[in-house]
Amino acid sequence: MASSALNFVAVNPKLQQSPKPTPPFHRFTTARRFPSSLRPIKASIFDKSPLSSIPGLTKPAPSSSPETNLPIRQIPGDYGLPGVGPIQDRLDYFYNQGRNEFFKSRMQKYQSTVYRVNMPPGPFISTNPRVIVLLDGKSFPVLFDLSKVEKKDLFTGTYMPSTDLTGGYRILSYLDPSESNHAKLKQLLFHLIKSRREFVIPEFNSAFTELFEVLEYDIATKGKAEFADPNEQAAFNFLSRAFFGVRPIDTALGKDAPTLISKWVLFNLAPILSVGLPKEVEEATLHSVRLPPTLVQKDYNRLYEFFSSAAGTFLDEAEKSGISREEACHNILFAICFNSWGGFKILFPSLMKWIGRAGMEVHTRLAREIRTATAAAGGGITMAAMEKMPLMKSVVYETLRIDPPVSLQYGKAKKDFVLESHDAAYEVKEGEMLFGYQPFATKDPKIFDRPEEFVPDRFVGEGEELLSHVMWSNGPETERASVANKQCAGKDFVVMVARLFVVELFRRYDSFDIEVGTSPLGAKITLTSLKKATF
């Protein structure tokens, strides 16, 4: 359950309308160096780390502060002319440069990982697009420090979607921990996860067995299998069965949930997305005006009716804690559909991409480790067995590091304070908006050796010490989510399910081959072979 706006969640609805196959069985710090015998996979956005080409970043300045031993530097960058600057930055972000180059080029221009710029959407949706960008692993964690920043209405950044998209309620993701309802709603999600934990492993096995059957059928009959549609269906089936004991196919919702959710999420995130339409069309319809919530109201109502019935027990529990059934239902819907399902929609293709590219040697080691541990546990998957799979666990963490499903984080300064990067300090004023782009912060060469490479065993053994710099969940991986912070309520659940995905994959197959493309959703995965287990 992600804690900030998802990376590429919303989609062009046309992508959701292609017919699905219906086979007979289709149901539904200091950089550390760790030697590795595994073939590293390079990320594709840079030839080398975006931070490594900036040697000094700053020179000592005469000003100083008792809060830091680093030289105080004025924050570089500017916001341009009112109205014009934000639109120019938006065009650079989406079209002229693209997101990664947008940040990299300015970092190189200012010789700083901290600078000022405008973030989309800007006019005429966001009244104040001005932010201070944080791109290194030292400055980025200030976004989690609630003594310095607040998180009220910042889930999607410099704008907030209409509450008409969430039943008239400000959902938990938009609440600051200081607000009275934050603790109640987050505790409800903790209760949901804890009370149904024994169903997670068997229901994941059931739902994703169906996924693998579909993929095998498509490869056998078509020579290849598109991963997206069956993955999205399996993910929703799993969440519904695990948390509520309900099979969507047996309800009025049927198989429609993925399409309904995608359209609804598009209406939430359209101002900060590019979905592949011509620039002029996107600028006029997505980035300058809000899409009317009424256009997706019927779709949302179908989802709401499903959760109102399926989550009845938890809605009873919510009423006991002082939350109305309506508010609780809208929050559960958001947590399951936007945070969890939307996260798996991105994370599972990312796992397929990076593991698939790692090659046969890594696949063989994963298969051997996973099968040995499950055999020792009597042939089944257990939490204890998964703890004895260090390479599998490392592969999951490395995917979350190199390709975090939550890439954008925001926080508004509660007070004046001094912000530190590795090489300089900066004075931040109360009310200024801080923005962190996580794919740069988690590839910081002053923290990670070979930061642009996918190193499968990076987090094995002593490498576990680096987990504090894996921050996909709106906080360090080494810290726990609580009602007092904004860390993802489902942090441990997401990691567990990602591990289950890798385990189920390599229990069945020795290896697999993929083709990787791009789409508004991140990685587009096409499987060309699944080689069944032989040992």
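Residues numbered from 1 in each chain as written. Predicted model: local features only at pLDDT ≥ 70, side-chain atom pairs only at ≥ 80, totals over all residues. Heavy atoms only, no water.

### Topic: the overall build of the protein chain
Here is step 1 of the chain: Helix and strand counts for the protein chain come out as 15 helices and twelve strands.
Here is step 2 of the chain: Split into buried and exposed, the 535 residues of the protein chain put 61% on the buried side.
Here is step 3 of the chain: Approximately 20500 Å² of the protein chain is accessible, and the part contributed by carbon and sulfur atoms is 52%. (Helix = DSSP H or I, 4+ residues; strand = E, 2+ residues; numbered from the N terminus. Buried < 20%, exposed > 50% of the residue type's maximum accessible area, 1.4 Å probe, protein only. Areas by Shrake-Rupley, 256 points an atom, 1.4 Å probe, with all protein chains shown as cover.)

### Regarding the nonpolar core
Here is step 1 of the chain: Counting 123 residues, the largest nonpolar core has Phe238, Phe244 and Trp264 as the members making the most contacts within it.
Here is step 2 of the chain: The element best represented in this core is helix α10 (residues 325–358), accounting for 18 residues.
Here is step 3 of the chain: Dropping the residues within four chain positions of it, Phe238 is found in contact with Val200, Glu203, Phe204, Ala207, Phe208, Phe344, Phe493 and Val497. (Core = buried A, V, L, I, M, F, W, Y, C linked by side-chain atoms within 4.5 Å. Contact = heavy atoms within 4.5 Å.)

### Some remarks on helix α8 (residues 297–310)
Here is step 1 of the chain: Between its first and last C-alpha atoms α8 spans 20 Å; for 14 residues at 1.5 Å apiece the expected length is 20 Å, and the two agree.
Here is step 2 of the chain: The complete set of buried residues in α8 reads Asp299, Tyr300, Leu303, Tyr304, Phe306, Phe307 and Ala310. For α8, the angular spread of buried residues about the axis comes to 160°, placing them on one side. For α8, the exposed residues set more than 90 degrees away from the buried face come down to Lys298, Glu305 and Ser309. (Expected span 1.5 Å × (residues − 1). Arc of directions from axis to C-beta.)

### Section: the side chain of Arg73
Here is step 1 of the chain: Looking at the secondary structure, you find Arg73 in the loop between β1 (41–42) and α1 (84–96).
Here is step 2 of the chain: In this structure Arg73 is buried but unpaired, with Asp423 as the nearest side chain of opposite charge at 8.4 Å. (Lys, Arg positive; Asp, Glu negative; His and termini not counted. Salt bridge = Lys/Arg side-chain N within 4 Å of Asp/Glu carboxyl O.)

### Section: unusual backbone geometry
Here is step 1 of the chain: Residue Pro121 is bonded to the preceding Pro120 through a cis peptide linkage, with omega at 10°.
Here is step 2 of the chain: Here Pro121 is to be found in the loop between β2 (114–118) and β3 (130–134).
Here is step 3 of the chain: Following Pro123, the chain continues to Phe124 via a peptide bond in cis, the omega torsion being 10°.
Here is step 4 of the chain: Locating Phe124 in the fold gives a position in the loop between β2 and β3.
Here is step 5 of the chain: Positive phi, close to 50°, is recorded for Gln111, a residue that is not glycine.
Here is step 6 of the chain: By the element assignment, Gln111 lies in the loop between α2 (99–110) and β2.
Here is step 7 of the chain: With a relative accessible area of 32%, Gln111 lands in the partly exposed category.

### Structural notes on the UniProt feature "binding site: heme" (unreviewed entry) in the protein chain
Here is step 1 of the chain: UniProt records the feature "binding site: heme" (unreviewed entry) at Cys488, using the numbering of this structure.
Here is step 2 of the chain: Mapped onto the secondary structure, Cys488 falls in the loop between β10 (453–454) and α15 (491–508).
Here is step 3 of the chain: Cys488 gets classed as buried once you look at its relative accessible area, which sits at 0%. (UniProt positions renumbered as here; feature names shortened; annotations may be inferred.)

### Details of the packing of helix α6 (residues 257–269) against α10
Here is step 1 of the chain: Their axes nearest at 11 Å, the elements α6 and α10 cross at an angle of 95°. Considering the angle they form, α6 stands roughly perpendicular to α10. Counted together, Pro258, Ile261, Ser262, Trp264, Val265, Asn268 and Leu269 of α6 and Leu333, Phe334, Cys337, Phe338, Trp341 and Lys345 of α10 form the full contact between these two elements.
Here is step 2 of the chain: Its residues assigned to classes, the contact of α6 with α10 shows ten nonpolar, two polar and one charged. (Axes fitted to C-alpha atoms, helices over the stretch in contact; angles between N-to-C directions. Parallel < 35°, antiparallel > 145°, perpendicular 65-115°, else oblique. Nonpolar A, V, L, I, M, F, W, Y, C, P; charged D, E, K, R; others polar.)

### Concerning the sheet that holds β3
Here is step 1 of the chain: Strand order in the open sheet formed by five strands is β2-β3-β9-β6-β4, with mixed pairing between adjacent strands. Two strands in the sheet have a free side with no partner beyond their single neighbour: β2 and β4 (149–150).
Here is step 2 of the chain: Bridge count between β2 and β3: five bridges; the pairing is antiparallel. Bridge pairing in β3 links Tyr115 to Val133.
Here is step 3 of the chain: Sitting on the sheet, α2 is in contact with β2, β3, β6 (408–413) and β9 (433–437), with an inclination near 130° to β2. (Pairing = 2+ DSSP bridges.)

### Some words on the pairing of strand β8 (residues 425–428)
Here is step 1 of the chain: With four bridges joining them, strand β7 (residues 417–420) and β8 adopt antiparallel strand pairing. Looking across to β8, one finds that Val418 is bridged to Glu427.
Here is step 2 of the chain: Linking β7 back to β8 in an antiparallel pair, the connection comprises four residues.

### Some thoughts on the pattern of salt bridges
Here is step 1 of the chain: For the structure on display, the rule yields 30 salt bridges.
Here is step 2 of the chain: Asp218 serves as the salt-bridge partner of Lys222, at 3.9 Å between the closest nitrogen and oxygen. You can see Lys222 and its partner Asp218 sitting in helix α4 (residues 200–222), four residues apart, about one turn around the helix.
Here is step 3 of the chain: Asp218 sits in the buried class, given a relative accessible area of 4%.
Here is step 4 of the chain: One salt-bridge network, in which partners are shared between bridges, spans Asp89, Asp92 and Arg106.

### Notes on the confidence of the model for the protein chain
Here is step 1 of the chain: Scored by pLDDT, the protein chain has a mean of 91; 87% of the residues are at 70 or more.
Here is step 2 of the chain: Predicted confidence is poor over residues 55–64, with pLDDT under 50, and the contacts of this stretch with residues over four places away or in other chains come to 17 contacts. (pLDDT = per-residue confidence, 0-100.)

### Here we look at α2
Here is step 1 of the chain: In this model, α2 (twelve residues) spans 17 Å end to end at C-alpha, consistent with the 16 Å of a helix rising 1.5 Å per residue.
Here is step 2 of the chain: Listed in full, the buried residues belonging to α2 are Arg99, Phe102, Phe103, Lys104, Ser105, Arg106, Met107 and Tyr110.
Here is step 3 of the chain: The inward-facing, buried residues of α2 contact α1, β2, β3, β6, β9 and α14 (438–441).
Here is step 4 of the chain: Directly after α2, the chain includes Gln111, whose backbone phi takes a positive value near 50°.

### Quick notes on a negative patch on the surface
Here is step 1 of the chain: On the surface, Glu67, Asp416, Glu427 and Glu430 cluster together into a patch of negative charge.
Here is step 2 of the chain: By secondary structure assignment, the location of Asp416 is in the loop between β6 and β7.
Here is step 3 of the chain: We classify Asp416 as partly exposed; its relative accessible area is 46%. (Patch = residues over 30% accessible without salt bridge, like charges linked within 9 Å, V, L, I, M, F, W, Y side chains within 5 Å. Charge placed at Lys NZ, Arg CZ, Asp CG, Glu CD.)

### What to know about the sheet that holds strand β5 (residues 225–226)
Here is step 1 of the chain: Read across the open sheet, the three strands follow the order β5-β12-β11; overall the sheet is antiparallel. Of all strands in the sheet, those with a lone pairing partner are β5 and β11 (509–519), marking the two edges.
Here is step 2 of the chain: Pairing geometry for β11 and strand β12 (residues 522–532), over ten bridges, is antiparallel. Across the sheet, Phe512 pairs through a bridge with Leu530, a residue of β12.

### Details of the packing of aromatic side chains
Two numbers describe a pair of aromatic rings. These are the distance of the centres and the angle of the planes.
Here is step 1 of the chain: Overall, the coordinates contain 42 aromatic pairs when judged by the stated rule.
Here is step 2 of the chain: Between the aromatic rings of Phe208 and Phe501, the centroid separation amounts to 6.1 Å while the plane-to-plane angle is 85°, which identifies the pairing as edge-to-face. Taken together, the residues span a long stretch of sequence, with Phe208 in helix α4 and Phe501 in helix α15 at a distance of 293 residues. Summarising the burial analysis for this pair, Phe208 and Phe501 share the class buried.
Here is step 3 of the chain: Just above the ring of Trp354 sits the side chain of Arg357; from NZ or CZ to the centre is 5.9 Å.
Here is step 4 of the chain: For Arg401, the ring lying beneath its charged end belongs to Phe448, and the centroid distance is 5.0 Å. (Phe/Tyr/Trp six-rings, centres within 6.5 Å; stacked < 30°, edge-to-face > 60°. Lys NZ or Arg CZ within 6 Å of the ring centre and 35° of its normal.)

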